[in-house]
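# Observations on chain architecture
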Amino acid sequence: GPLMQAIAEGASRPLVVLFGCGVGCGAIRVARQLSGAGSRVIACEADGVVAAIALSLLEWAGLAGIVDVRVGKSEQLLPWLRREFGAGCVSALVLSGQGVEYREDLERAEGLGVLAPGAVLVADRVLQPMAPELMWRICSSGDFEHAAVAAEDDDWTLVARLRPDSAAAGREPCE
């Protein structure tokens with residue numbers, strides 16, 4: 001869809017990171033749409049059993065070579081991403097299912113400089129369980145452009161693009 005097109009246009013070899021991947025349905029959708037050479041998806045789930053289910057589904061779908069499932073939270077994964085891929089490596093950050101931690105996840109990503117200039121941020125279920133701090137940060141900081149809130153199933157999904165000139169954008173492209 002248009003979201004994946006925006007991600008693909010932003011980088012020659014897009015890296016999409018999902019926090020709260022659940023059983024992997026979102027990772028499967030992203031991986032199928034980002035079929036270009038060098039595209040990669042890293043799906044992170046705090047619950048090891050749920051991550052094992054996601055890994056099984058990805059194997060079944062034939063996408064285990066594109067999607068890397070990690071067990072843990074952003075505080076473990078983001079420093080690893082920075083060491084492994086360098087600054088500015090994340091083309092898209094997808095936050096799902098843990099609304100009260102969204103702001104902290106974004107702040108960690110910004111602080112470590114892993115977000116690429118023009119990176120796309122997607123946060124689902126921002127109305128319930130509520131993510132007002134994230135909404136305020138995105139909509140009032142000036143670091144993000146084209147912030148949009150879309151209503152879906154009595155909830156909201158926040159979609160924003162990091163301004164290329166934002167201090168929060170990592171400067172070294174990920175290769």
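The following refers to the structure shown. Keep in mind it's a predicted model, so treat the numbers as computed, not measured.

### Here we look at the overall build of the chain
The secondary structure content of the chain amounts to six helices and seven strands. Listed N to C, the secondary structure of the chain is α-β-α-β-α-β-α-β-α-β-α-β-β in terms of helices and strands. Within the chain, the proportion of its 175 residues that are buried is 49%. Of all intrachain contacts in the chain linking residues separated by at least 6 positions in sequence, the fraction that spans at least 24 positions is 72%. Of the roughly 8500 Å² of accessible surface on the chain, 54% is carried by carbon and sulfur atoms.

### Some thoughts on the packing of aromatic side chains
Going through the model one piece at a time under the given rule, you end up with one aromatic pair. Ring centres of Trp80 and Phe85 lie 5.8 Å apart, and the angle between their planes is 90 degrees; on these two criteria the pair is classed as edge-to-face. With relative accessibility at 17%, the residue Trp80 sits in the buried group. The lysine or arginine in question, Arg70, covers the ring of Trp80, its NZ or CZ lying 4.0 Å from the ring centre.

### Considering the environment of Glu75
For Glu75, the location among the structural elements is in helix 4 (residues 74-85). A relative accessible area of 37% means that Glu75 is categorised as partly exposed.

### A closer look at the nonpolar core
Leu81, Val90, Leu93 and Leu134 are the most contacted members of the largest nonpolar core, which totals 33 residues. Where this core is concerned, the elements lending two or more residues are strand 1 (15-19), strand 2 (40-45), helix 4, strand 4 (90-95), helix 5 (102-112), strand 5 (115-124), helix 6 (132-140) and strand 7 (155-162). Sorting elements by how many residues they give to this core places helix 4 first, with five residues. Beyond its immediate sequence surroundings of up to four residues, Leu93 is in contact with Val17, Phe19, Ala109, Leu115, Val120, Leu121 and Val122. Grouped together as the second largest cluster of nonpolar side chains are 21 residues, Leu18, Val41, Val94 and Val122 included.

### Thoughts on the packing of helix 4 against helix 5
Close contact between helix 4 and helix 5 brings their axes to 10 Å; oriented N to C, the two are set at 20 degrees. When the interaxial angle is binned, helix 4 and helix 5 end up roughly parallel. Judged by the sense of rotation from one axis to the other, the crossing of helix 4 with helix 5 is right-handed. Between helix 4, through Ser74, Glu75, Leu78, Pro79 and Arg82, and helix 5, the contact on the second element is made entirely by Asp105, Arg108, Ala109 and Leu112.

### A short note on the side chain of Ser74
In this structure, Ser74 sits in helix 4. Of the residues examined, Ser74 reaches a relative accessible area of 2% and is grouped as buried. A distance of 2.7 Å separates the side chain of Ser74 from the side chain of Arg108, its partner in a polar contact. What Ser74 contacts, discounting residues up to four positions off in sequence, is Phe19, Pro79, Asp105 and Arg108.

Procedures and definitions
- Residues numbered from 1 in each chain as written.
- Predicted model: local features only at pLDDT ≥ 70, side-chain atom pairs only at ≥ 80, totals over all residues.
- Heavy atoms only, no water.
- Helix = DSSP H or I, 4+ residues; strand = E, 2+ residues; numbered from the N terminus.
- Buried < 20%, exposed > 50% of the residue type's maximum accessible area, 1.4 Å probe, protein only.
- Contact = heavy atoms within 4.5 Å.
- Areas by Shrake-Rupley, 256 points an atom, 1.4 Å probe, with all protein chains shown as cover.
- Phe/Tyr/Trp six-rings, centres within 6.5 Å; stacked < 30°, edge-to-face > 60°.
- Lys NZ or Arg CZ within 6 Å of the ring centre and 35° of its normal.
- Core = buried A, V, L, I, M, F, W, Y, C linked by side-chain atoms within 4.5 Å.
- Axes fitted to C-alpha atoms, helices over the stretch in contact; angles between N-to-C directions.
- Parallel < 35°, antiparallel > 145°, perpendicular 65-115°, else oblique.
- Left-handed = near helix turned anticlockwise from the far one by under 90°.
- Polar contact = N/O pair within 3.5 Å; in protein donor to acceptor, adjacent residues only side chain to side chain.

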